[in-house]
Each structure stands twice: as structure tokens, then as C-alpha cells.
Amino acid sequence: MTEPLAPQYDPKTVEAPLYRWWQDRHLFTPRGDRSPYVIMMPPPNVTAQLHMGHGLNLSVQDVMIRFERMRGRDALWMPGTDHAGIATQNVVEKLLAKEGKTRFDLGREAFIQRVEAFVAETGSTILEQIRSLGASCDWEHTYYTLSPELSAAVREVFVSLYEKGLIYRGKYIINWCPRCLTALSNEEAEKEEVDGQIWRLRYPLADGSGQIIVATTRPETMLGDTAVAVHPDDERYAGLVGKMIRLPVVDRLVPIVADAAVDPAFGTGAVKLTPAHDPLDFEIASRHGLPAIDVMTPDARINEAGPERFQGLDRFDARKRVVAEFEAAGLLDKVEPHRHAVGHCYRCDTVVEPRLSDQWFVKMAPLAKPALEAYRDGTLNFVPERRGTEYALWMENIRDWCISRQIWWGHRIPVWYCDNGSCGAMTASRVDLTSCPSCGGAVRQDEDVLDTWFSSQLVPFTSLGWPDDDGSLSRFYPGHALVTAPEILFFWVARMIMSGLEFKGQVPFTTIYLHGTVRDTQHRKMSKSLGNGIDPLDVVEQYGADALRFTVIAGLAVGTDVILDPDDLESSFSTGRNFANKLWNVGRFILSNLDGEVRPIGSSAANAVIRDELSVADRWILARAEATIREATDGYERLRLNDAANAVYRFLWNDLADWYLEAIKPRLYGDQPGGDVARAVAVRVFDQALRLLHPVMPFITETLWQRLPGRTDGESLMVAAWPVPDPADADSVALSEFGAAQDVITAIRSIRAEYQVPPGQTVRAALTRCGPVVTAAFQSLGPMMHRLAKASEITLAGEDAGNGAAAAHAVLTDGSSVTVPLGDLVDTAKECARLGQEAARLTQAIVTLEQKLGNEQFVSRAPAAVVQKEREKLASWQDQRAVLDDKRTRLGCPS
RNA sequence: GGGCGGUUAGCUCAGUUGGUUAGAGCGCUACGUUGACAUCGUAGAGGUCACAAGUUCGAAUCUUGUACCGCCCACCA
């Protein structure tokens, strides 16, 4: 590793081999002798391709895990994949469709084999892709929700909940996807606001004495109506309750019932009841013993329960036809536009059909209670905090969870039904049954599979071997952080907490970091269908993983979305790439100027650099490094990762590269003494900065760090110690003195630019009316001022420096004045205008401040310290203005 | 319908308990190939902090209202 570095950083030659190097050394795997820190990776779908959402999510987790690993924790970041029941089955069914087949043509066994083959083929793609981001997850421990081990654990959980009475089977209205042909949970039926219509239909009374008008957004459901309901106290309908209605279209007699659940203020106050297709209707109907008529087939066509002429019609065609028939009969009262929320399948976006169906449910209230308590007692820490209130609200209003799915890909429900009619036992079992435990008769297993989330909610403990424990479980449960997008707060996070509490007695993690969503410049979520996605692999290819990570992390304020432009990768990711290149060159510069041993910085040892040898510039950069360690560490700890990343960025670029390295060049080149001290300081602060940046940009920092002097072969930054701020490095005197020198240099440069002094030409400058800090800076950093301002001579003069007319001026914030004689270059009118503008701005500020200080209220009410500070500020400004006025007088400027 | 966030420079965003002459990166302008870096350097332009009222000696920051954007929840059919 001693070959010279190329002038440009090339991530491609570095990243893949370095990743293998880390992995070969088992650095991603916890060593087992220190306090653990655990993050469970949200398992990507087994057939997924990496997208920018993963890029963001994985970057955040890797920053956290690398930070804690360097801080000495036994960091475990466990990766895994989710079998993703409906999603994966849909993918394979689409492939089958291309062959003109359906899963039913293959049959259950063959279809599952087909999916398994597909998963085997594509299943590891996503895990490979994760590696390219530099994710330091533990590949020696991965999980798959459909592995034999996790499947056994799923059965254990199911049977255990069943035995506790927390799982039951029942006939209720569920959300049904007519395209996926399965039940969905409430969470999987996503509500979307749509512009629909509301139809007011006339229902004639059977005795011909009148009619009652009902309102509906789904007229086709009237085919399954079994009653009309009104509020018991509704005087309009008082005489009608108990009467019969002759339903149009279907020509069926149904009763009018009274129920308090009806809102008399909505619509006409009368509601048609379709118990098989609406949850509220079902509830009312069961109170009144009314029948439920399911009028639809699984794919949402009208079934044989509907009139013959409707059978086979799609529900939306049936809707049109029902409306048409009402209209033809003069029974359509009116149609109005109506905006309302309609459930859509979260996998295929089909409008969900509420449908009466036999399903399995988990009784959630008992599970939610401790999960809510864990939030209320502060055990759970949400970042950002407001997500906690969403969590609590959901827990408070929790509904039972429909866990059965009418698909084939997943964990089959471990319940067996006895075929023996006289027995009919239903048995939940941890092992496959071949005969009925009660009567010994033949059994058949439930056809349905479990919701994918039923198994993924368990991974915080099942991935560690539960219900067995080879030591991993007790060591790494409970974990610490969970990092994910807010979309799956209820699907996954909330349920992990509930199941963790139920089966392990402790929450699986205490910090829940919910980051934002990756969006395009129009703030649309990136998606394949919109074509506005960014492929992270493209970004890695073009800019490197470090650049991707830095861009994403530095742009991620807590709880906000990340906006990236898919049409302009350059503007998004060049910042990260440029920074990597800058860092590379800082390293190249420092390394190329080392010769032989670099002395350590110590307190007294003979061959160490001691404090007395440090120049003001050295002390300044050490102080800046010390501040940066505190700032970055604080940022990482508080999960303000952008603050941490930007703090190190500023240090490396604006302090180290722009100033310190420039300041020490003469010493490094031997033109000034103290080269070995400068080298020691540069190496020390660079080393510290690399450590601070490693969580964000692991590849380049590791590469450079290993080349620093004193490294032993095979030593890795990944597990190097996190820097600790040394109070001896904090140095406010050096900070202000060096800052003053920076101000002087900037002032002279500014004048040079203003007057377009050729870059090669030196200037002279005089510092007058100097405050103590500028004076000290001139004494300690004079040579640097000369060189960086390209000044042949800078003098520290008294009140009346030779600042004649042909000079340009600048005033520093402490009232110190910088005068640069420029001879013919100075355009008096221009200089007057320049200074005049400056003076006017100051005057304005001074007037405002004088008024403030002249205000009795302010002086008496504001804290003394604030008043004192304002007084000092005023004095300083007045000083500055006096200098400016003086300059302008000398120049003969018009007032 | 209920609850919650946001609105700061052309763009993406900082601004921690009210006290700055309101900041950064990118973009833009001018100049520049100085022995780490043109994926660079130096300097500069650019904002009545969405709007209105209020509290306060003092508001980007606190209160209320308005407008627009977004998120979560919801069995008014």
C-alpha cells in the first residue's frame, strides 16, 4: 500500500475489493466480548431490486451501526429477506400469464415449486446489491422469513396465540382484493380520496303508501340489500319502521328497521342495508337478525344471488345497469358528486370490495395494551417525536387483525379440520397432523396462508433462533434501533413491538427512527410506474457509494423527505463525489509530504511534539478538530446525521484544506522551521477527521486511514477507536487570533479582486487602529498573512498610517482598518461609492441599535448581559464607521 | 370530517431554550493552470424569513387567523 495515489479518486478500484477485505476479516460480525448494539434490517422483499428508498434506509442504518461499532459496541446489523406473500405470488402469476396459464392450472404444489425456483434464481440479487452500498451488515447471520427455522417459529407463535384465545376464526366483513383474490388487513387496504358520486334512490313501500329515499355510493350493492334502516328518534320515519319495502330491480320485500347507528343528519337519514358488503350494515343487520346476501364472486362479478340478467357482470358495469334501471323506472331521485375515501389494494391498487368472509383474526386489544404503555412510559423513543403520537393513536383504536390470505405463497395456517362429520374438531398444531387428535379420523389442513407481516413481525427474535437460544437470543435481544420509512409503521414496527412484548416480555428496540421518503423535484414519491426513480447502482457506478451516502445523509434532516432530481444525477451527487475527491487530495498532500517518522503529540516525551512547539496555526487546527469531534459525535448520538456529516465536511474542506494546509506549506517545504511539528499536527487532525467521517464515507476513509503512518498491517478503521475530544486542544485564544488573520487576509483579497490586481502582483497593506486580537494575529501569523494575501509588505501602523488618497480600504468587525495603497489602480469615485455603501449600511444598523439602547424599556427589562453585549456591538460599529468616515474624508468623497 | 407537519437565496435545506448586519451546498457572475485537488482556488451578486393581526423592550423563532403543499387517521351510507 505504498504506491503513489492518483490525482483523482476512483471509487471503482477501491470499493469492491475493500468490501471483500472487510468481509474476509469478519469485521461485520460481532466479536462477542463487548456490550451489544443491534439494528434489525427491514427485510426487503425477496424478489425486490434495490431502489433509492433502500439506498436511503441502508445508508442511515450503516452510519448508525458503524458509529456504534467504532464506539466499542458489539454491533450487530442483521440482514434478511421477506418472502412477501402477495407481492411475490403476483410476480410469478404474471410470468405464468405470459405462458397463458394461471396458478390453478398448475395446482398448489407445482405453483409453490415454481415460486421457489423463481426466488432461488432472483432471491439473492437484492442482498448482493446491498453490499455495493458498503452496508456493514452481518452476512454470517441472515434470515429469510420462509426458512424452515423461521417457519417453525411462526407455527409456535400461531399455536401459542391460538391456545391463549388470541387467534380466532370468524365470519366478518373484510377487505377483499378482487384481483389478488384474497382478504387483506385494514392496513393493506389503503384509503385514497376519490371523486365519486352519490346516488339517491327511491325505494317504494310494499303497500304502495309511499317511498323512502336512500343514498349510496355503491348502487350495485342494492342487489344484496336486506333492509332499510333509520334512526329510532327520527320523526320523519317514525311511522314507517316495521313496514316493508319492495326492492326495485330484485323485486324483494325487505323491512324498515330502526337503529341508533344511523346518522339522521346525513343524506335522507335512511340507509339501505347490505350486510354482506358493508361493515356498518353488517353490524346493524346482526343486531336485527337480518340475513346477509353476498352478491359477488371472488373477482367481483355479480353471482347467482343477483338477478339472472346481472350475473357475470363486473361490479362497475352492474352499478351502471342498476342506476339505469332505477332511472328507467323513475326511481332515481338525483345524483351528486361526492368525494370520499375508497380502499385500494396496497399491492395492485385495485378498489377493495368489503365482503363477508370466513377468516382468521388476531385479537389485538390485549397485545396493544403493553405496547401503548411502552410508549407512554417513555420506553419507546420515536425520531421524529411526532411519529409517536401516530403510533399511540393507532394503538388506542386498534382493530383485530385479519391474518388469513387466500393465496398459496406463504406460511400455511397450521390448523387441521376433522373430516369426520360427527367430530368436526379444529386443531391448531405445531407439527403436521395426519389424523384427528380427537377421533383419529382423516384431517385436512386449512387452505389459507398467513399474512406476510405475521412472520416479519417476529424477526427481532425469530432471526436469533427463537424459540431456541444458542446464546445469540439472550445476547442480542432486545436490540436497540429500528430504522425505516414511516409507511410501514403499522404494518411492521408496531406489530414487532407487540409480538416482542408478548413473546419476549421486552420491546425489541427502543429507538425508532422513521426517515423520510425519497422524492423527485416535484415531490412525487419515486416509483417504477412513474419512471422517476433513481437506480442506486447507477449512482454507485458513476459517483461511488461514498458519494451516494454522503449526499443522502448530508441532505437528510430529521423527519424530512429527501429530494433528488432523477434527470440530473450530477447536481444531486456531485457534492459527494467532489468531497470524496477533495478528501483524497488532502490525504495525498499530507502523505506525500511525510518523510520518515512522524512524531506523536504528547506532553513531554523526548521525541514527541510538545505544546510549547505548536504555532498558533497548529493550535488553531487542533482546536477546530476538537470542536468538530464534539459536534460530530453529538450529531451522531442525536441521530442528526446531517449535522454530523456537515460538521466534518466543513472541518476538512474549509478549515483543514483551505487554511491549515495552506498555512503550513512553507514549513513542509523547509522554507520555515517546524515542519515536523506541522506534519504531526496534520496527521493527527486528519486521522481524527477520517474516523469521524468513516460512518458516512467508509470506503475512502478506510483507504486513506490505512496509509497514515504508524498503522500496522491489517489494522482497520472500521473497528478503530472513536475520537475523544482532548481538552488540551481547545484553545479559544488560537481560535480568535487565527480568525483575525483570516479576516485580514480576506479583506486584502477582497480589495485585490475589486480592483482586479493581477494575481501575480504583490500589494502592500497597512493595518491601523488595530484591536488587541488583530495585533496579536499580526505578530504571530504575519508571514502567513503576507503569503496568503500576496502582500510584499504588511505594516502595523499607528493612527496615521500613510493611507493617502490612492488607497483602498476595508474595516474589520472590531474596527481594525486595512489599507491597501494601489496607486493608479484606485478609482477614487469607485472607492468612495464602495465605502459609502458600507458606511450607509453601518449607519442604518447603528441607528437601529441606538434606538434600542435608548429605549428605557429595553435597558431595564432585557437581561444585563444582553444589554452589555449590545453596547459593545454599538461601540464596535461606531468605531468601524469612524474609520470609514475618516477614509472617505481623506479621499475627498462627497458626503 | 378529525389530528399533525411544512412554507427562509433560482434549487435543496440549516437556523437547538425569542436578542446575528439571517447561513450552507448546488447553481449564477468575475478573475485565476500558485509545486494536493479545475471533481480546484479567490472574490462577488442574490432573501421585506408565505400572508395578516397579536404578545414582547425585542419575533424567522411565541399566539391566533388566512392561503398553499404534504402526512396520518376516519363504518356520514
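1. Describing the nonpolar core
Thought 1: Membership of the largest hydrophobic core comes to 144 residues, with the highest contact counts inside it found for Ile-130, Leu-652, Tyr-660 and Phe-686.
Thought 2: Sorting elements by how many residues they give to this core places helix α20 (residues 641–668) first, with 14 residues.
Thought 3: If we ignore the near neighbours within four places in the chain, the residues touching Ile-130 are Met-41, Pro-44, Leu-50, Leu-58, Ala-135, Cys-137 and Trp-139.
Thought 4: Within the second largest apolar cluster, 63 residues are counted, among which are Met-40, Val-157, Phe-382 and Tyr-477.

2. Quick look at the protein's contact with RNA strand B
Thought 1: In the region of RNA strand B, 58 residues are neighbours, and Gln-8, Asn-585, Arg-640, Trp-653 and Arg-861 sit closest.
Thought 2: When atoms of RNA strand B within 4 Å of the protein are sorted by moiety, sugar and phosphate together comprise 60%.
Thought 3: Take Gln-8: an N or O atom from its side chain is 2.3 Å from a base oxygen of RNA strand B.
Thought 4: Contact between RNA strand B and Asn-581: a sugar or linking oxygen at 3.0 Å from a side-chain N or O atom of the residue.
Thought 5: Per-class residue counts for the surface near RNA strand B are 22 nonpolar, 15 polar and 21 charged.

3. Some remarks on helix α7 (residues 148–163)
Thought 1: Here α7 is 16 residues long and its end C-alpha atoms lie 22 Å apart, about the 22 Å a rise of 1.5 Å per residue gives.
Thought 2: The set of residues buried in α7 consists of Leu-150, Ser-151, Ala-153, Val-154, Arg-155, Val-157, Phe-158, Val-159, Ser-160 and Leu-161.
Thought 3: Just downstream of α7 lies Gly-165, where phi reads positive at about 80 degrees.

4. A look at the sheet that holds strand β27 (residues 791–796)
Thought 1: The mixed open sheet is built from four strands, whose spatial order is β27-β26-β29-β28. What marks the edges here is a single partner per strand, and that holds for β27 and β28 (807–811). Mean inter-strand twist for the sheet, computed between neighbouring axes without regard to direction, equals 20 degrees.
Thought 2: Against the sheet, helix α24 (residues 772–789) makes contact with β26 (763–768) and β27, and its axis sits at roughly 165 degrees relative to β27, the strand it touches most.

5. Notes on empty space enclosed by the protein
Thought 1: Tallied over the entire structure, the rule returns six cavities of 30 Å³ or more.
Thought 2: Leu-161, Val-362, Met-364, Leu-367, Trp-401, Phe-454, Gln-457, Arg-495, Met-498, Ser-499, Glu-502 and Phe-503 together form the lining of the largest cavity.
Thought 3: Tallying contributions element by element places helix α15 (residues 489–504) first for the lining of the largest cavity, with five residues.
Thought 4: Of the residues assigned to the lining of the largest cavity, the class counts are eight nonpolar, two polar and two charged.

6. Topic: the packing of helix α18 (residues 569–592) against α20
Thought 1: One way to put it is that α18 packs onto α20 with a least axis distance of 11 Å and a crossing angle of 25 degrees. Taken as axis vectors, α18 and α20 run roughly parallel relative to one another. As for how α18 packs across α20, the hand of that crossing is left-handed. Contacts between α18 and α20 involve Asn-578, Phe-579, Lys-582, Leu-583, Val-586, Phe-589 and Ile-590 from the first element and Tyr-649, Leu-652, Trp-653, Leu-656, Ala-657, Leu-661, Lys-665 and Leu-668 from the second.
Thought 2: Its residues placed into classes, the contact of α18 with α20 shows 12 nonpolar, one polar and two charged.

What counts and what doesn't
Residues numbered from 1 in each chain as written. Chains lettered and ligands numbered in written order. Predicted model: local features only at pLDDT ≥ 70, side-chain atom pairs only at ≥ 80, totals over all residues. Heavy atoms only, no water. Core = buried A, V, L, I, M, F, W, Y, C linked by side-chain atoms within 4.5 Å. Buried < 20%, exposed > 50% of the residue type's maximum accessible area, 1.4 Å probe, protein only. Helix = DSSP H or I, 4+ residues; strand = E, 2+ residues; numbered from the N terminus. Contact = heavy atoms within 4.5 Å. Near = heavy atom within 4 Å. Polar contact = N/O pair within 3.5 Å; in protein donor to acceptor, adjacent residues only side chain to side chain. Nonpolar A, V, L, I, M, F, W, Y, C, P; charged D, E, K, R; others polar. Expected span 1.5 Å × (residues − 1). Pairing = 2+ DSSP bridges. Axes fitted to C-alpha atoms, helices over the stretch in contact; angles between N-to-C directions. 1 Å grid on protein atoms, 1.4 Å probe; cavity = no way out; pocket = protein on both sides within 12 Å on 5 of 7 lines; lining within 4 Å. Points joined across faces, edges and corners; volume = space filled by probe spheres on them. Parallel < 35°, antiparallel > 145°, perpendicular 65-115°, else oblique. Left-handed = near helix turned anticlockwise from the far one by under 90°.

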